[in-house]
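The residues making up each chain are set out below.
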Amino acid sequence: MRDCFELRDADCLGRIGELSVPRADAVVETPALMPVINPNLETIAPSRLRGEFGAEILITNSYIIHSNDDLREQAQSVGLHEMLGFDGVIATDSGSFQLAEYGDIDVTTEEILAFQREIGSDVATPVDIPTPPAASREQAERDLETTETALADAEAADTGEMLVNAPIQGSTYPDLRERTAERAAETDLDVFPVGAVVPLMNSYRYDEMIEAVLAAKRGLGPAAPVHLFGAGHPMTFALAVAAGCDLFDSAAYAIYARDGRYLTASGTEHLSELSYLPCSCPVCVEHTPDELRDAPEAETERLLAEHNLHDSFAELRRIKEAIRKGRLLELVERRARGHPALLDGYRALLDGAKQLEREDPTSKGTFFAVSPESARRPEVLRHHDRLDRLDVPDSVLITEGGVPRTHEYDAVWRINPPFGPYPRELAETYPLTAETPDRADERAQRAAADGVARLADVAPDSRIQLAHDDWVDSALDCVPGGVELENLAEIERRDDEE
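Thresholds, definitions, all that
Residues numbered from 1 in each chain as written. Predicted model: local features only at pLDDT ≥ 70, side-chain atom pairs only at ≥ 80, totals over all residues. Heavy atoms only, no water. UniProt positions renumbered as here; feature names shortened; annotations may be inferred. Helix = DSSP H or I, 4+ residues; strand = E, 2+ residues; numbered from the N terminus. Buried < 20%, exposed > 50% of the residue type's maximum accessible area, 1.4 Å probe, protein only. Contact = heavy atoms within 4.5 Å. Pairing = 2+ DSSP bridges. Domains from an automatic or database assignment. Buried area = accessible area lost by both parts, 1.4 Å probe. Salt bridge = Lys/Arg side-chain N within 4 Å of Asp/Glu carboxyl O. 1 Å grid on protein atoms, 1.4 Å probe; cavity = no way out; pocket = protein on both sides within 12 Å on 5 of 7 lines; lining within 4 Å. Points joined across faces, edges and corners; volume = space filled by probe spheres on them. Nonpolar A, V, L, I, M, F, W, Y, C, P; charged D, E, K, R; others polar. Axes fitted to C-alpha atoms, helices over the stretch in contact; angles between N-to-C directions. Left-handed = near helix turned anticlockwise from the far one by under 90°.

UniProt annotation of "active site" (unreviewed entry) refers to Asp 93 when read in the numbering used here. Counting through the fold element by element, Asp 93 comes out in strand β6 (residues 89–93). Classification of Asp 93 as buried rests on a relative accessible area of 14%. Excluding residues within four positions of it along the chain, Asp 93 makes contact with Ile 59, Thr 60, Asn 61, Ser 62, Tyr 63, Gln 116, Thr 125 and Phe 229.

Our next topic: the sheet that holds strand β14 (residues 395–399). Pairing is mixed in the open sheet, where five strands are placed in the order β16-β15-β14-β17-β18. For this open sheet the edge positions go to β16 (422–423) and β18 (484–487), each flanked by a neighbour on one side alone. Here strand β15 (residues 411–414) runs beside β16; their pairing, made up of two bridges, is antiparallel. Looking at the pairing, Arg 414 lines up with Tyr 422 of β16.

This part takes up the domain arrangement of the protein. The domains assigned to the protein are domain 1 (5–356) and domain 2 (366–497). Computed from C-alpha atoms alone, the centre-to-centre distance between domain 1 and domain 2 is 43 Å. If you look at the interface, domain 1 gives 13 residues, while domain 2 gives 14 residues. Between domain 1 and domain 2, a total of about 1200 Å² is buried, with carbon and sulfur atoms accounting for 49% of that surface. Three residues stand out in domain 1 for area buried against domain 2, namely Glu 330, Glu 333 and Leu 350, and they jointly supply 37% of the buried area on that side. Inspection of the region where domain 1 meets domain 2 yields four salt bridges. Glu 373 serves as the salt-bridge partner of Arg 347, at 3.0 Å between the closest nitrogen and oxygen.

Attention shifts here to empty space enclosed by the protein. All chains considered together, the criterion is met by two cavities of 30 Å³ or more. The volume enclosed by the largest cavity comes to roughly 60 Å³. Taken together, Leu 19, Met 34, Ile 57, Ile 59, Ala 91, Val 123, Asn 165, Val 191, His 227 and Leu 247 make up the lining of the largest cavity. Partitioning the lining of the largest cavity into residue classes produces eight nonpolar, two polar and no charged. The calculated volume of the second largest cavity comes to roughly 40 Å³. Ser 171, Thr 172, Tyr 173, Pro 174, Arg 177, Glu 208, Glu 211 and Ala 212 together form the lining of the second largest cavity. No other element matches helix α10 (residues 206–220), which puts three residues into the lining of the second largest cavity. Partitioned by chemical class, the residues of the lining of the second largest cavity number three nonpolar, two polar and three charged.

With their axes 7 Å apart at the nearest point, helix α8 (residues 174–185) and α10 run at an angle of 35° to one another. The chirality of how α8 crosses α10 is right-handed. Contacts between α8 and α10 involve Pro 174, Arg 177, Glu 178, Ala 181, Glu 182 and Ala 185 on the former and, on the latter, Ala 212, Ala 215, Ala 216, Arg 218, Gly 219 and Leu 220. Considering only residue class, the contact of α8 with α10 consists of seven nonpolar, one polar and four charged.

Looking now at the UniProt feature "binding site: substrate" (unreviewed entry) in the protein. Those places that UniProt annotates as "binding site: substrate" (unreviewed entry) correspond, in this numbering, to Asp 128 and Ala 196. Across 69 residues, the annotated set stays spatially compact, with a maximum C-alpha separation of 10.3 Å. Tracing the chain through its elements places Asp 128 in the loop between β7 (123–124) and α7 (137–156). With a relative accessible area of 3%, Asp 128 lands in the buried category. Inspection of the secondary structure assignment puts Ala 196 in the loop between β9 (192–194) and α9 (198–202).

What follows is the structure, encoded as C-alpha cells:
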C-alpha cells in the first residue's frame, strides 16, 4: 500500500486520522462519512453537502454515469466536480454493486478506471465481485480469484494521482477475508473497502459484519485506511469505528427518507409514529412532526433526508470526541443497548479482545465499567497479561475492603472487579483508576477471579488470601484451591449481629 494515511488519535481499533488525497489537493479527516450521490436522482444537492453538513468527501457511481449517454457526455465535458457542484473529494464506485445485483456489466477494470480518471475522480474503484453471505466457500474462492485479478489490473493501470480502492471480499469466511487483505496490502493501492457487508447489515447480522472487519484488519495491519462499504446507518458507526473502520458511505439517508423513516444513533423511527422530534438539527428545530407529515411528499422526503444526514454527521463528531477522551468503548456499549443485534456485534468485537489490545493505547481517559461486557474489554485483558511483571511478595492479602490495622501479610493489595489484583501503589495509574459500580455483576467478579488465578499461576510459592465482597459461587469457582478465601460481607454481618 502507498503511504496516504496518518494516524492522529486512537482508542481501541478506532482512530482519528488524515487521508491525503493528492488529486484533490485535500486531506480528509477520518472517521468520515461519504454521502452517496445518485447521478440520476438528487435528494440533496451536492453543493450543499460541504457547507451545511460538513461533508469533506462524497461518493457516486461511475458505472451509472458511464452507462448513460447524457451523464457520460456531461462528465467528460466539464468533469465530475463541476457536474455535481462539489468542491471536496469525490470517490467513485465501479459498477460492482450492479454486477452483484444483475449478474453482469459491460465494462472492465481497465476501462472503468480509465473513465474514472478521465472524468476527474479523486478515489477510484476497480470491478471486484461482492460475494454474498449465503455463498458456498467454493463460490467465495472463485469470486476471490476474479477480485484479485481486478486488483492486479488496477495496480498495473495508469491512474495518475488518483487514490485507488482495493476491495476486500471473502463473504462470511474470516480466513478468506484475512488472506485477501494480506494480498491487497502488498499492492501499491491505497484504500481498503470491506465489501459485501450490506446483506449482513440489512439482516442485522452485526456480529458477522464485525468478524469480517476484524479478519480484514488482521490481514491489512494498522496502517491501512479501511472503508466499510454500504454502512450508512448512524447506529452502527461507533461499533464499526471501534473495529477499525475509517470511511463510511451512506445512501441510507436518502433511501430511508423515501420510506418516511427518521434515523437516529439509537435506531430508526417512522415519521408517522413520532409525536416529537428528538433532535436539535435545523430540520427538527424548525418543524414539528405534523408539519413534516403535512408537507408535499417531495418536501417531506428532502427534509427527512436532511435530518438523517445531520444526525449521521453528529454521530461521527461524538465518536471523534469519544476517541479523543479514550471513551469510545463506553459509547459503543451505550449504542449496543439500543438493539440486541448491536449487542451481538459488540460481543463479537470483544471476542477479538487480544487483537484489540495490540492497538489499544495503554493510557487514556478514565475507564467506566457500564455493563457486564466491560469485563471483557482489552484493558482488563492487558492487566491480567501483565501481572507477571509484578514482584509478588511471599504472602499477600488481596482485598476489596480497606487495609486492616494489623495483619500478618508482607503486603496488602487491592482488587476492583473486573480488574485483577494490583499493589496499592498502582491505584492511581490507568486503567486502575476505573469508575466501577459498587455492586459488581457476576461477569466482573469472574474476570477479577481470573486475575487472581493468573497471579497464583505466576507466583506459585506465594501465600495468597482473597478477601472478597460476597462474590457469587461461579466467580469463586474460578479462584484456585490454593488461594485462601474470606468473605468480607459475612464478617460484617457477624459484627452487626454481635
